[in-house]
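Here is what each chain is made of, one letter per residue.
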Amino acid sequence: MDRRFLIGGAAAAVAVVAGGGYWYAQQGAETPASAAETGAAGEVDTSSVVEMTLGADDAPVTLVEYASFTCPHCADFHERVFGKLKAEYIDTGKVKFVYRDVYFDRYGLWAAMLARCAGPDKFFGLASMYYEQQNTWLRGANSEAQIADNLRKINRVAGMDDATMEACLNDVETAKTLTAWYQKNATADDVTGTPTLIIDGEKHSNMNWADLKKILDAKLAG
């Protein structure tokens, strides 16, 4: 499980990157600027945030994954486990899957904002591309500008035009709302690292396919 410090506290520091115009959530202690610009998570209306889900709403088991697009363990989970989970449990109506963003850093927030701007129909396709190409778009880059450009290239494949992407990345209110939404969810579910799985209300850390399958089968049998 990736245990980098989560962006948190009563008010996450959200600031504009000089010259680039991109919003990011900054790790560390609250600053006067962060408090003034974002306010406490509880003061932000997060009702506009759309839950990204797969599977039947009336599935007997609900699995919530807390994950970050910059988390290597999350990328590994999606490479080794998620495909089997989707084929055997989500697509067959046994499990409703809910994906919730976690923001360790500005790059995870940028990626989530772009994927969400693409809409629910394209979100999971983009998420897969972010994870599959994580070493290229994130760790293969040597500057913030290159990371932002790498994300643009991925989203162009999904059909997003440059004007839409720039509008998404500079959407101040969405940045604030998503950060507050993430804080509220992570606090409620006591999420301290990623990936974290909440299966019918029970918290689990990262696991392999065999262990996850065992838990799901027991839930379905019960």
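Residues numbered from 1 in each chain as written. Predicted model: local features only at pLDDT ≥ 70, side-chain atom pairs only at ≥ 80, totals over all residues. Heavy atoms only, no water.

Report on helix α9 (residues 209–221), specifying residues and quantitative values.
Helix length check: α9 (13 residues) gives 18 Å between terminal C-alpha atoms against 18 Å at 1.5 Å per residue, within 8%. Those residues of α9 that sit buried are Trp209, Leu212, Ile215 and Leu216. Here the buried residues of α9 occupy an arc of 130° about the axis, which is enough to place them on one side. The exposed residues of α9 that point more than 90 degrees off its buried face are Lys214, Ala218 and Ala221. In this structure, the buried residues of α9 make contact with β4 (61–67), α2 (72–90), β5 (95–101), β6 (196–199) and β7 (202–204). Residue Asn208 occupies the N-cap position of α9, its side-chain oxygen lying 3.2 Å from the main-chain nitrogen of Ala210. (Helix = DSSP H or I, 4+ residues; strand = E, 2+ residues; numbered from the N terminus. Expected span 1.5 Å × (residues − 1). Buried < 20%, exposed > 50% of the residue type's maximum accessible area, 1.4 Å probe, protein only. Arc of directions from axis to C-beta. Contact = heavy atoms within 4.5 Å. Polar contact = N/O pair within 3.5 Å; in protein donor to acceptor, adjacent residues only side chain to side chain.)

For the packing of aromatic side chains, give the residues involved together with the corresponding values.
A ring pair, where both rings are aromatic, is described by two values, the distance of the centres and the angle of the planes. Under the criterion given, the structure shown has 13 aromatic pairs. Taken together, a centroid distance of 5.3 Å and an interplanar angle of 50° make the contact between Phe69 and Tyr131 tilted. Placement of Phe69 in the loop between β4 and α2 and of Tyr131 in helix α4 (residues 120–132) is noted, with a sequence separation of 62 residues between them. Classification of Phe69 by relative accessible area gives buried; the value is 2%. Among the aromatic residues, those joined into a cluster by ring pairs are Phe69, Phe82, Phe97, Tyr99, Phe123, Phe124, Tyr130, Tyr131 and Trp137. Here the basic side chain of Lys94 rests over the ring of Tyr89, its NZ or CZ set 5.5 Å away from the ring centre. (Phe/Tyr/Trp six-rings, centres within 6.5 Å; stacked < 30°, edge-to-face > 60°. Lys NZ or Arg CZ within 6 Å of the ring centre and 35° of its normal.)

Account for the confidence of the model for the protein, with residues named and values stated.
Across the protein, pLDDT averages 84, with 82% of residues at or above 70. The low-confidence segment residues 8–40 (pLDDT under 50) makes 76 contacts with residues lying over four places distant or belonging to another chain. (pLDDT = per-residue confidence, 0-100.)

Account for α4, naming residues and giving values.
Its 13 residues give α4 an end-to-end C-alpha distance of 19 Å, which sits within 8% of 18 Å, the value for a rise of 1.5 Å per residue. Listed in full, the buried residues belonging to α4 are Phe123, Phe124, Leu126, Ala127, Met129, Tyr130 and Tyr131.

Please give an account of the nonpolar core that cites residues and values.
Grouped together as the largest cluster of nonpolar side chains are 67 residues, with contacts concentrated most on Phe69, Leu85, Tyr130, Trp137 and Leu212. Apart from the residues lying within four places of it in its own chain, the contact partners of Leu212 are Leu63, Phe77, Val81, Leu85, Leu197, Ile199 and Met207. (Core = buried A, V, L, I, M, F, W, Y, C linked by side-chain atoms within 4.5 Å.)

I'd like to hear about the pairing of β4, residue by residue, with values.
Within β4, six of the seven residues are buried, which leaves the element mostly enclosed by the surrounding structure. With seven bridges connecting them, β4 and β5 associate as parallel partners. Across the sheet, Val61 pairs through a bridge with Val95, a residue of β5. As for the winding sense of the linkage, the β-α-β connection from β4 through α2 to β5 is right-handed. (Pairing = 2+ DSSP bridges. Right-handed = clockwise from strand over helix to strand, strands pointing away.)

Got a sec to walk through the sheet that holds strand β3 (residues 52–54)? Specific residues and values, please.
Ordered in space as β3-β5-β4-β6-β7, the five strands form an open sheet in which the pairing is mixed. Here the strands that pair on one side only, and so sit at the sheet edges, are β3 and β7. Geometrically, the sheet is characterised by an average inter-axis angle of 20° between neighbouring strands, direction not taken into account. In the packing of α2 onto the sheet, the strands contacted are β3, β4, β5 and β6, and the crossing angle to β5 comes to about 155°. (Axes fitted to C-alpha atoms, helices over the stretch in contact; angles between N-to-C directions.)

Run through unusual backbone geometry, naming residues and quoting values.
A cis amide bond links Thr194 with the next residue in sequence, Pro195, at an omega value of -5°. Within the secondary structure, Pro195 is located in the loop between α8 (172–188) and β6. In the Ramachandran plot, Asp190 falls in the positive-phi region, its phi being about 55° despite a non-glycine side chain. With respect to the secondary-structure elements, Asp190 resides in the loop between α8 and β6. Owing to a relative accessible area of 46%, Asp190 belongs among the partly exposed residues under this scheme.

Explain the state of the cysteines residue by residue, including any values.
Overall, the coordinates contain one disulfide when judged by the stated rule. With its sulfur 1.9 Å from that of its partner, Cys117 forms a disulfide with Cys168. Residues Cys117 and Cys168 share a disulfide whose torsion about the S-S bond is about -125°; that sign makes it left-handed. Placement of the pair is Cys117 in helix α3 (residues 106–117) and Cys168 in helix α7 (residues 162–169), with a sequence separation of 51 residues. (Disulfide = S-S within 2.5 Å.)

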